[in-house]
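# Structure at a glance
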Amino acid sequence: MSGKGQWRSTGGTIDSFYNPSTESGRPLKESVIPDYIRDAIRPHRKVSFETICMKDSGDLTLGDRQKMLKAVIVTKTSHIVITQGTTSMHKTAEFLIKK
């Protein structure tokens, strides 16, 4: 396994424009995570980024979760982070654990 880190984004609040007056978010078109990690965190290892989808986690589908699973299966590293919102995080965790 490689020492390279991998980030896979699926949207959620971290990648959304949040409107406090309505307490709702609208996913951005592109993830803010790559720029933040590269510019603010500046990791000591090489990191790759891929966007799986940009959705509110309540809108994630079985197909989206299958894409997340594939990202884990095909990776050649033990360092992978998949971001998603908290609304359905438990459903994604259960899906990944069962597979």
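Given the structure is predicted, the values throughout are model-derived calculations rather than measurements.

Here is what the cut-offs are and how they apply
- Within any chain, residue numbers begin from 1 and follow the written order of that chain's sequence.
- For this predicted model, a pLDDT threshold of at least 70 governs which residues receive local features, and a threshold of 80 or more governs which side-chain atom pairs are given and counted, while totals over whole chains, interfaces and linings are taken from all residues.
- Computation of side-chain values: all heavy atoms of the structure, hydrogens and water removed.
- A run of H or I in DSSP counts as a helix once it spans at least four residues, and a run of E counts as a strand once it spans at least two, with each numbered from the N terminus.
- In this treatment the radius of gyration is a C-alpha quantity, and the globule benchmark scales as 2.2 Å times the residue count to the 0.38 power.
- When accessible area is computed with a 1.4 Å probe and restricted to protein chains, residues below 20% of their type maximum are described as buried, those above 50% as exposed, and intermediate ones as partly exposed.
- Contacts were defined at the residue level, with two residues in contact if any of their heavy atoms lie within 4.5 Å.
- Per-residue and other accessible areas follow the Shrake-Rupley method at a 1.4 Å probe size, with only the shown protein chains counted as cover for residues.
- We score Asp and Glu as negative and Lys and Arg as positive, and we do not count His or the chain ends.
- Note on charges: their place is set at NZ of Lys, CZ of Arg, CG of Asp or CD of Glu.
- What pLDDT expresses is the predictor's confidence in each residue, scored from 0 to 100.
- Here the arc refers to the directions that run from the helix axis out to each C-beta atom.

### Regarding the overall build of the chain
A tally of regular secondary structure across the chain gives three helices and five strands. In the chain, the succession of α and β elements from N to C terminus is β-β-β-α-β-α-β-α. What you see for the chain is a C-alpha radius of gyration of 14 Å, in line with the 13 Å of a compact globule of 99 residues. Across its three principal axes, the chain shows a C-alpha extent of roughly 45 × 35 × 20 Å. The proportion of buried residues among the 99 residues of the chain is 32%. A fraction of 70% describes how many contacts in the chain between residues 6 or more apart in sequence connect residues 24 or more apart. By element, 54% of the accessible surface of the chain is carried by carbon and sulfur atoms, the whole surface being about 6800 Å². Each charge class in the chain can be summarised by its mean position, and for the 16 positive and 10 negative side chains these summaries are 9 Å apart.

### Some points on the confidence of the model for the chain
Per-residue pLDDT for the chain has a mean of 91; in total, 97% of the residues score no lower than 70. By mean pLDDT, the top-scoring element of the chain is helix H2 (residues 62-74) (96), and the lowest-scoring one is strand E3 (residues 24-27) (84).

### Description of unusual backbone geometry
Even without being a glycine, Arg-42 presents a positive backbone phi close to 50 degrees. Within the secondary structure layout, Arg-42 lies in the loop between helix H1 (33-41) and strand E4 (47-55). The exposure class of Arg-42 is exposed, given its relative accessible area of 60%.

### Things to note about H1
What H1 keeps buried is the set Ile-33, Pro-34 and Ile-37. Mapping the buried residues of H1 onto a view down its axis gives an arc of 110 degrees, with all of them on the same face. On its buried face, H1 is in contact with strand E1 (5-11), E4 and strand E5 (80-83).

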